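Inside the fold
Next come the chains, spelled out residue by residue.
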Amino acid sequence: MTKLRKLNRPTGHRISMLRTMVSQLVKHERIETTVAKAKEIRRLADNMVQLGKEGSLCAARRAAAFVRGDDVIHKLFTELAYRYKDRTGGYTRLLRTRIRVGDAAPMAYIEFIDRENELRQSKPPTPQPPQKAPLDPWTRSRLQKQFAPPKEEKSEPKI
């Protein structure tokens, strides 16, 4: 696992909390938490959606080792994988909401994009550029001659 924010917790507690929060995000598709936790959840949730899109047995086992609940794994590999099949990344959105009253911690919603009842509409996925048709050999040779760098004249060294 890559380096994570410590979030002022011991390692076991931190990993357990992040696993639970990612599972709840997949289940409910929107949760409210602090900004620091939401930034960590975003990384892990995007990884889980990537595994769901991959769809292999190895990916299913890797996802099952992290998220909690069979219903969450089923949702990752069916609903979310189908929803994001054309998107290459950026499956979650972070929206800052308020300052918590007790400790003045900045709060944020983290939610999946392209879903019903979104807080903010998402941008459509960027289309892939069209593939260029290969040039026939005659046209290719003309273009190479036309745009070739100028030839340098070779001068003999003077002795």
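Above this text is the structure in question.
Residues numbered from 1 in each chain as written. Predicted model: local features only at pLDDT ≥ 70, side-chain atom pairs only at ≥ 80, totals over all residues. Heavy atoms only, no water.

Focus on the overall build of the protein
For the protein, the helix and strand inventory stands at 5 helices and 3 strands. Starting at the N terminus, the α and β elements of the protein follow one another as α-β-α-α-α-β-β-α. Its C-alpha radius of gyration of 25 Å places the protein more than 25% over the 15 Å reference for a compact globule of 159 residues. Projected onto the principal axes, the alpha-carbon positions of the protein cover approximately 85 × 45 × 35 Å. Taken across its 159 residues, the protein has 33% of its residues classed as buried. Relative to all contacts within the protein whose residues are 6 or more apart in sequence, the contacts with residues 24 or more apart total 61%. Here the protein has roughly 11600 Å² of accessible surface; of this, 54% comes from carbon and sulfur atoms. (Helix = DSSP H or I, 4+ residues; strand = E, 2+ residues; numbered from the N terminus. Rg over C-alpha atoms; globule rule 2.2 N^0.38 Å. Buried < 20%, exposed > 50% of the residue type's maximum accessible area, 1.4 Å probe, protein only. Contact = heavy atoms within 4.5 Å. Areas by Shrake-Rupley, 256 points an atom, 1.4 Å probe, with all protein chains shown as cover.)

Quick look at the packing of aromatic side chains
Any two aromatic rings considered together are summarised by their centre-to-centre distance and by the angle between their planes. All told, the structure shown has 2 aromatic pairs when counted by the stated rule. Consider the rings of Tyr84 and Tyr91, whose centres lie 5.1 Å apart with planes at 50 degrees: the pair is tilted. When sorted by exposure, Tyr84 lands in the same class as Tyr91, which is buried. Consider the rings of Tyr84 and Phe112, whose centres lie 6.3 Å apart with planes at 40 degrees: the pair is tilted. Of the two residues, Tyr84 is situated in the loop between α4 (70-83) and β2 (92-99) and Phe112 in strand β3 (residues 106-112); the sequence distance between them amounts to 28 residues. Residues Tyr84 and Phe112 agree in their burial class; the two are buried. One aromatic cluster is present, formed by Tyr84, Tyr91 and Phe112 through successive ring pairs. Here Arg30 stacks its cationic end above the ring of Tyr109, 5.8 Å away from the centre of that ring. We note Lys85 situated over the ring of Tyr82; from NZ or CZ to the ring centre the distance is 3.9 Å. (Phe/Tyr/Trp six-rings, centres within 6.5 Å; stacked < 30°, edge-to-face > 60°. Lys NZ or Arg CZ within 6 Å of the ring centre and 35° of its normal.)

Brief notes about the packing of helix α2 (residues 35-54) against helix α3 (residues 57-66)
A pair of packed helices can be characterised by two numbers: the angle between their axes and the separation between those axes. Running from amino to carboxyl end, α2 crosses α3 at an angle of 150 degrees, the nearest separation of the two axes being 8 Å. Relative to α3, α2 is oriented roughly antiparallel. α3 is crossed by α2, and the crossing has left-handed handedness. On the side of α2, the interface is formed by Leu44, Met48, Leu51 and Glu54, while α3 contributes Ala59, Arg62, Ala63 and Phe66. Here the contact of α2 with α3 is built from residues that sort into 6 nonpolar, no polar and 2 charged. (Axes fitted to C-alpha atoms, helices over the stretch in contact; angles between N-to-C directions. Parallel < 35°, antiparallel > 145°, perpendicular 65-115°, else oblique. Left-handed = near helix turned anticlockwise from the far one by under 90°. Nonpolar A, V, L, I, M, F, W, Y, C, P; charged D, E, K, R; others polar.)

Here we look at the nonpolar core
Core analysis: the biggest nonpolar cluster contains 32 residues, and Ile41, Met48, Val67, Leu76 and Phe112 have the highest contact counts within it. Among the secondary structure elements, those contributing two or more residues to this core are α1 (11-28), α2, α3, α4 and β3. A per-element tally of this core places α2 first, with 8 residues. If we skip the residues at most four places from it in the chain, Leu76 touches Val26, Met48, Val49, Gly52, Ala63, Val67 and Ala81. (Core = buried A, V, L, I, M, F, W, Y, C linked by side-chain atoms within 4.5 Å.)

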